[in-house]
2 protein chains.
Amino acid sequence: MDKIDVTASSHSYKIFIGENIRFQLQSFLTKSYSSILIISDEVVAPLYIDDLRSNFTKGKLFHTILPSGEQTKSIETFYSVHTDAINAGLDRNSLIIALGGGVVGDLAGFVAATYMRGIDYIQVPTTILAHDSSVGGKVAINHELGKNLIGSFYPPRAVVYDVETLQSLSAREIRSGYAELVKEALISDQEFFNTLLRTDIQQVTAEELQAHLSLGIKIKATIVQEDEKESGVRMYLNLGHTLGHALEAEYGYGTLTHGEAVAIGLLFALQVSENLFSKQIAYDSLFEWIKENNYPLKLQQFDEHALLNKMKSDKKTVNSKIKMVLLDDIGSPLVKELSDQEILDALQSFNRKLVTE
Amino acid sequence: MDKIDVTASSHSYKIFIGENIRFQLQSFLTKSYSSILIISDEVVAPLYIDDLRSNFTKGKLFHTILPSGEQTKSIETFYSVHTDAINAGLDRNSLIIALGGGVVGDLAGFVAATYMRGIDYIQVPTTILAHDSSVGGKVAINHELGKNLIGSFYPPRAVVYDVETLQSLSAREIRSGYAELVKEALISDQEFFNTLLRTDIQQVTAEELQAHLSLGIKIKATIVQEDEKESGVRMYLNLGHTLGHALEAEYGYGTLTHGEAVAIGLLFALQVSENLFSKQIAYDSLFEWIKENNYPLKLQQFDEHALLNKMKSDKKTVNSKIKMVLLDDIGSPLVKELSDQEILDALQSFNRKLVTE
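- Chain A has the name 3-dehydroquinate synthase in an unreviewed UniProt entry, where Oceanobacillus arenosus is given as its organism.
- As recorded by UniProt, the Catalytic activity (unreviewed entry) comment attached to chain A reads in full: "7-phospho-2-dehydro-3-deoxy-D-arabino-heptonate = 3-dehydroquinate + phosphate".
- Looking at the Sequence similarities (unreviewed entry) heading of the UniProt record, one finds this comment for chain A: "Belongs to the sugar phosphate cyclases superfamily. Dehydroquinate synthase family."

What follows is the structure, given as structure tokens:
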């Protein structure tokens, strides 16, 4: 089992990564709780909720099962989970456990952040993609006008990552998760990036996956420790997300997975970076890897103006100017403000490239 | 002008109390903002919003006017103010100004706490009651099952208290505000309590009011500095609120004002304290003052079991046991867990007392 420490401003917590550790939850808790509410979704709950419940023989144990999918991160679901928590009698000394992917983690974390002004929660992620969202304390729900616009910085008390639960993932979910691992490699670790480029993600072994997750999480943890509230280096984790979020919003949440959209966003960021610094960085090699691993690239030609507008409503935007994370080399990210025209030009050339490749 | 410093875990801020200081807002801001959203209600906005707007000649300035009253602290209004903020183009470098009483302050503060995971806000309270809610960083909305159940600890960047705005308050609003001042005196300052007992609150001068507010706020600020997240002494500020909140919920928000309910709750806490410690503390003198100042005491006889249930859903309740703040003397608060039967007995005797007085 791997163990990674994260120091947040309010408290420190540990990330545990290993096989079958979902049966050892008690040993990862640092205090006892008056009651526990497990929040999961209809896909994950039938697979693992009984395993989780088996950790707690005594005390008050409740669960809430939500519909699966991005639409669950709504204000309505947020409110109804609060209702469930109140009806279950959760108090300030209760614990919420988020069992599932990023949607469940973000929603359950935001409920924990706001229930009676904040109670403890732990993350039990069951997707590769959630390695990203479960670390660092960003919790949120969506607004109809934009993703994650309503939320908090509210770190968990622990992250318990049982890699065995990842064996039930679909090819699409594996692709989605690996896009964030590629992102982490691109912003800080050339060797890790090379390793990933050699990886056929449909053939990955449990050992390789655990190793990749540990590397990715360490990169993420180092960054969020240094800049919890995203006023500096944490912005780098947004590589690929400016266009990624816009694509998700434009195509409707659910058509493209988050990771699929980020993969396209990473390519776009590399294209802009290579143009700006007039050198090759990794566009070609990443493009090949993305194609080989069957990421969706042949989007119907997109509307550049619509995407530009979506990009401008991103949370990172200040004074209506788009700030993009770029690379002047692998492992060397920077933030650059781009004019609307620069973005439009880049989108047009990217659009042509995707269509003709 | 009085100035009081508060050190919160995330940052320090100042409370300014004085006449006409609503025209000096710029001087209380410690940085410049990309845009500003003033949130107020339909009663306060016509009186003071132009004064506030006149502070800002440059930049992007927006406002949102909400219905007045407790029902504004709803999930629907919370979401619609987020919509307004997004449509106004607020970014992470924007400021929210809460202009109004506790309802506006709590709601606007919770929007600030959760907009793009948190932006700056300042409180410009326009009621006496809001001296309590505007200091200490508690922000929240109501759930249909209980008051303030959804919220955060999220301190403002400044509190700007223009006592001139208090001259437009109704007799009822003055009563409501003074109940919290009495509470602060009871938990920590015998002399302040004696001063308040000598005060006819309908005849209070601007100088007296500013002095009372400064004393009350200093007590509150000292306590929230010591215990920001309410794990210890901050609980003392809940004196009178266990029954107070239950009465508000039972009679419907709006029938009794918050302060009126707290005044009754303070009497109840004193009755329980005097019984427990077998001595007189201040029940009789407070009862007289409350009667003289026309607080509503002749409630139709209340249902003790219903009130007990409401008290048990309070946020301070842990493991379904009611914890009440009591006094073993003025200035000497303590927290005591009481059984359901003890509460019921006390409520019955209190009920009889109120009816027969």
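Topic: a negative patch on the surface
- Together, Glu76(A), Glu144(A), Glu76(B) and Glu144(B) make up a negatively charged patch on the protein surface.
- As for its placement among the helices and strands, Glu76(B) is situated in helix 3 (residues 75–87).

Quick notes on the packing of helix 6 (residues 171–188) of chain B against helix 10 (residues 258–277) of chain B
All names here are of chain B.
- Look at helix 6 against helix 10: their axes get within 7 Å of each other, and the N-to-C directions meet at 35°. Considering how the two elements wind past one another, helix 6 and helix 10 form a crossing that is left-handed. On the side of helix 6, the interface is formed by Arg172, Arg175, Ser176, Ala179, Glu180, Val182, Lys183 and Leu186, while helix 10 contributes His258, Gly259, Glu260, Val262, Ala263, Leu266 and Leu270.
- Counted by class, the contact of helix 6 with helix 10 contains seven nonpolar, three polar and five charged residues.

Section: the interface of chain B and chain A
- The interface is formed by 39 residues belonging to chain B together with 39 residues belonging to chain A.
- Taking both partners together, chain B and chain A bury about 3,400 Å²; carbon and sulfur atoms supply 59% of that area.
- Run the count over chain B and chain A and you get two salt bridges.
- Here Arg92(A) makes a salt bridge to Glu230(B), at a shortest N to O gap of 3.1 Å.
- Linking chain B with chain A are twelve residue pairs in polar contact (both at pLDDT 80 or more).

Describing the relation of the copies chain B and chain A
- Overlay of chain B on chain A (RMSD 0.0 Å): rotation 180°, translation along the axis 0.0 Å. When the rotation and shift are considered jointly, the pair of chain copies conforms to a two-fold rotation axis. The rotation axis passes nearest to the C-alpha of Ile75(B) in chain B, at a distance of 4.1 Å.
- The share of interface residues of chain B whose copies in chain A are also at the interface is 100%, consistent with both copies meeting through the same surface.

Here is what the cut-offs are and how they apply
- Residues numbered from 1 in each chain as written.
- Chains lettered and ligands numbered in written order.
- Predicted model: local features only at pLDDT ≥ 70, side-chain atom pairs only at ≥ 80, totals over all residues.
- Heavy atoms only, no water.
- UniProt positions renumbered as here; feature names shortened; annotations may be inferred.
- Patch = residues over 30% accessible without salt bridge, like charges linked within 9 Å, V, L, I, M, F, W, Y side chains within 5 Å.
- Areas by Shrake-Rupley, 256 points an atom, 1.4 Å probe, with all protein chains shown as cover.
- Salt bridge = Lys/Arg side-chain N within 4 Å of Asp/Glu carboxyl O.
- Lys, Arg positive; Asp, Glu negative; His and termini not counted.
- Charge placed at Lys NZ, Arg CZ, Asp CG, Glu CD.
- Helix = DSSP H or I, 4+ residues; strand = E, 2+ residues; numbered from the N terminus.
- Axes fitted to C-alpha atoms, helices over the stretch in contact; angles between N-to-C directions.
- Left-handed = near helix turned anticlockwise from the far one by under 90°.
- Contact = heavy atoms within 4.5 Å.
- Nonpolar A, V, L, I, M, F, W, Y, C, P; charged D, E, K, R; others polar.
- Buried area = accessible area lost by both parts, 1.4 Å probe.
- Polar contact = N/O pair within 3.5 Å; in protein donor to acceptor, adjacent residues only side chain to side chain.
- Least-squares fit on C-alpha atoms with pLDDT ≥ 70 in both.

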